[in-house]
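Breakdown of the fold
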Amino acid sequence: MRFADLAEKRVAIWGYGREGRATLAVLRRRLPGQRLALICSEAEAEAEQARAFHQDALDYVTVEPYAGLLWSFDVVIKSPGISAYLPAIVEARAAGVRFTSATALWFGENPLARVVGVTGTKGKSTTSALIAHLLRSLGQRVALAGNIGLPLLELIDTPEAVDCWVVELSSFQTGDADRLDVGLINNVYEEHLDWHGSRERYVADKLVLAERASTLVVNALQHELVARTTAHPRRSVFGSVAGWHVAEGMIMRGYERVFDLRRLPLAGEHNALNLCAALTVVDALGLDARAALPSARTFQPLPHRLQTLGEQDNLTWVNDSISTTPQATIEALRSLEGRAVSVLVGGFDRGLDWTEFQRHVEWRPPVAVICLGASGTRIARQLGAAPTDYRLGHCVALAEAVALAREWTPPGGVVLLSPGAPSFDQFHDYADRGRAFTQLAGFDPQSIAAIEGLGIA
């Protein structure tokens, strides 16, 4: 679907977050004078913000959308965070209402763009940024956008020529991508069950990316992912000796030692694998990954992702607020093995399984596990069901958890915020939570920089 297809249609934009605002801006430029509706039922503040900017140019819907209400529109442009499986949407779609998104509209307007689509449960933002960084080191003009923090529609009217678009896609967006030159599925774990309804549907929605990709790149260490993509006609893997992989503290190509990981400004083996994924994508584009690899030394790590804030009170403070799955928290702990760590876990409860985390901390006990937020009670109950070799705490608020970590962590130790859960129970988003942790730790939250490299460069 293209913007021209919306002319003279009854169109509603559902959601007034950054994507919704970008969509409205483009619609009002491309279809001046056409009456549009804005659905913003879940946040009165959004409705007030929209009214202040658009005044009477829009029709405002501030009640919870039901199927009968949605039937009054020909097309609904839905924000990614609104589940496609809501009963009202399923009913309205069956009745003939068309649902699309800002991402789908961008793809409709750019059928000839050279696009790399990146998805995965964890690591997709870092990997997307790494791909853009490596390509730029080879002289490519690259756009970095999507779920990483810059809606594609904010770049739709750019006059600049772009050699390659690197687009991060969440599981909410993979079905919105049209044709991808290269699709990367970094990994698949359990997440976003509240949106997808089940693990099976979450995995299936992630794997839609494989159907859209001319060349597919997957993680060889993810056996389910490998098994479910075997039929793809052009598939490359990383993480095994068949491609770029990690061994003995090195990035390897086959049996050749190519890059010393001590030169990589990213902590943890999972980030080394992210680099392997990025190198495989560069190869898949027909470019020289070996020539690009030295530039990894100058990569700027993304904020809120195993971000070492510094030392205060003889403790090292690490902000990993982006962690929204237990598996991500395990990887964060692995990156700090050998250190005395107190880890803060918990947040918005999506019902994820913490059994693997429980096994990990039994096998490699930290100094303390401090549970907080809406899911904290459930996590603490599960961990406390058997004797532990670490201290176990339970708090409601982040401030309480930080105070307890400061008390329990020995001098020279590490306080790690790696919640393994979203932030929506207490914070606007993961960045808001990370800034709050930064301030509670004694650092300036304004010092956390934005993601470097977003946009076109």
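The notes below deal with the structure included here. (Residues numbered from 1 in each chain as written. Predicted model: local features only at pLDDT ≥ 70, side-chain atom pairs only at ≥ 80, totals over all residues. Heavy atoms only, no water.)

It is worth spelling out the layout of surface pockets at this point. Estimated volume of the second largest pocket: approximately 490 Å³. Around the second largest pocket, the lining is made up of 29 residues, and of these Arg93, Phe99, Phe172, Gly175 and Asp176 lie nearest the centre. Only β5 (98-100), α5 (102-109) and α8 (199-212) provide two or more residues apiece to the lining of the second largest pocket. Broken down by element, the lining of the second largest pocket gets its largest block of residues, five residues, from α5. Considering only residue class, the lining of the second largest pocket consists of twelve nonpolar, nine polar and eight charged. (1 Å grid on protein atoms, 1.4 Å probe; cavity = no way out; pocket = protein on both sides within 12 Å on 5 of 7 lines; lining within 4 Å. Points joined across faces, edges and corners; volume = space filled by probe spheres on them. Helix = DSSP H or I, 4+ residues; strand = E, 2+ residues; numbered from the N terminus. Nonpolar A, V, L, I, M, F, W, Y, C, P; charged D, E, K, R; others polar.)

Moving on: the environment of alanine 374. When you line up the elements, alanine 374 lands in the loop between β18 (368-371) and α14 (376-383). Taking relative accessible area as the criterion, alanine 374 reaches 47% and is therefore assigned partly exposed. As a C-alpha pair, alanine 374 and alanine 204 span 170 residues in sequence and 28 Å in three-dimensional space. Those residues within four positions of alanine 374 in sequence are excluded, and the remaining contacts are Gly347, Phe348, Asp349 and Asp425. (Buried < 20%, exposed > 50% of the residue type's maximum accessible area, 1.4 Å probe, protein only. Contact = heavy atoms within 4.5 Å.)

With that settled, consider helix α4 (residues 87-94). Along α4, the positions that sit buried rather than exposed are Ala88, Ile89 and Ala92. Projection of α4 onto a plane perpendicular to its axis shows the buried side chains occupying an angular sector of 95 degrees, all on one side. Every exposed residue of α4 that faces more than 90 degrees away from the buried side is listed here: Pro87 and Ala94. Where α4 is buried, its residues touch β1 (11-14), α3 (67-70), β4 (75-78) and β5. Positive phi appears at glycine 96, one or two residues downstream of α4, with a value of about 110 degrees. (Arc of directions from axis to C-beta.)

Another point: the pattern of salt bridges. In this structure the tally under the stated criterion is 19 salt bridges. With a shortest N-O distance of 2.8 Å, aspartate 157 and arginine 30 are connected by a salt bridge. Of the two residues, aspartate 157 sits in the loop between β7 (142-146) and β8 (164-168) while arginine 30 sits in helix α1 (residues 18-30), which places them 127 residues apart along the sequence. Here arginine 30 falls in the partly exposed class, since its relative accessible area comes to 32%. (Salt bridge = Lys/Arg side-chain N within 4 Å of Asp/Glu carboxyl O.)

Our next topic: the sheet that holds strand β13 (residues 250-253). Taken in spatial order, the three strands of this open sheet run β12-β13-β14, and their pairing is antiparallel. Single-partner strands in this sheet number two, and they are β12 (244-247) and β14 (256-260). Sheet twist, expressed as the mean angle between neighbouring strand axes with direction ignored, is 40 degrees. Each of β12, β13 and β14 is contacted by helix α10 (residues 269-284), which is oriented at about 155 degrees to β12, the strand it contacts most. (Pairing = 2+ DSSP bridges. Axes fitted to C-alpha atoms, helices over the stretch in contact; angles between N-to-C directions.)

Ranked by size, the top nonpolar core spans 51 residues in total, and within it Leu6, Leu38, Trp106, Trp165 and Ile185 carry the most contacts. The leading source of residues in this core is α8, at five residues. If we skip the residues at most four places from it in the chain, tryptophan 106 touches Ala113, Val115, Leu152, Leu153, Ile156 and Trp165. Judged by nonpolar contacts, the second largest core, of 41 residues, contains Leu130, Val166, Ala272 and Leu279. (Core = buried A, V, L, I, M, F, W, Y, C linked by side-chain atoms within 4.5 Å.)

This next bit is on the sheet that holds strand β17 (residues 341-345). Strand order in the open sheet formed by six strands is β15-β16-β20-β17-β18-β19, with mixed pairing between adjacent strands. In this open sheet, the two strands that pair with only one neighbour each are β15 (307-312) and β19 (391-394). The sheet shows a mean angle of 20 degrees between the axes of neighbouring strands, direction not considered. Here β17 pairs with strand β20 (residues 414-417) via four bridges, running parallel. Across the sheet, the residue bridging to leucine 344 is leucine 417, located in β20. Seen against the sheet, helix α12 (residues 326-335) touches β17 and β20 and runs at an angle of roughly 165 degrees to β17.

The next thing to look at is the packing of aromatic side chains. Each pair of aromatic rings is reported with the distance of its centres and the angle of its planes. Inspection of every chain in the model, using the stated rule, returns five aromatic pairs. Grouping aromatic residues by their ring pairs yields a cluster made of Trp106, Phe107 and Trp165. The ring of tyrosine 60 has arginine 51 lying over it, and the distance from NZ or CZ to the ring centre is 4.6 Å. One Lys or Arg, arginine 364, reaches over the ring of tryptophan 363 and ends 3.8 Å from the middle of that ring. (Phe/Tyr/Trp six-rings, centres within 6.5 Å; stacked < 30°, edge-to-face > 60°. Lys NZ or Arg CZ within 6 Å of the ring centre and 35° of its normal.)

Two quantities define a packed helix pair, namely the angle between the axes and the distance from one axis to the other. The geometry of α12 relative to helix α13 (residues 355-363) is characterised by a closest axis approach of 8 Å and an angle of 20 degrees between their N-to-C directions. For the element pair α12 / α13, the angle class is roughly parallel. As for the relative orientation of α12 and α13, their crossing is left-handed in sense. Across from Pro326, Thr329, Ile330, Leu333 and Arg334 in α12, the residues of α13 making contact are Glu356, Phe357, His360 and Val361. Residues of the contact of α12 with α13, tallied by class, amount to five nonpolar, two polar and two charged. (Parallel < 35°, antiparallel > 145°, perpendicular 65-115°, else oblique. Left-handed = near helix turned anticlockwise from the far one by under 90°.)

So, about the side chain of aspartate 205. You can see aspartate 205 is positioned in helix α8. Of the buried charged residues, aspartate 205 lacks a salt bridge, with arginine 201 as the closest side chain of opposite charge at 5.3 Å. Once residues lying within four places of it in the same chain are set aside, the contact partners of aspartate 205 are Tyr85, Ser171, Thr174, Trp195 and His196. (Lys, Arg positive; Asp, Glu negative; His and termini not counted.)

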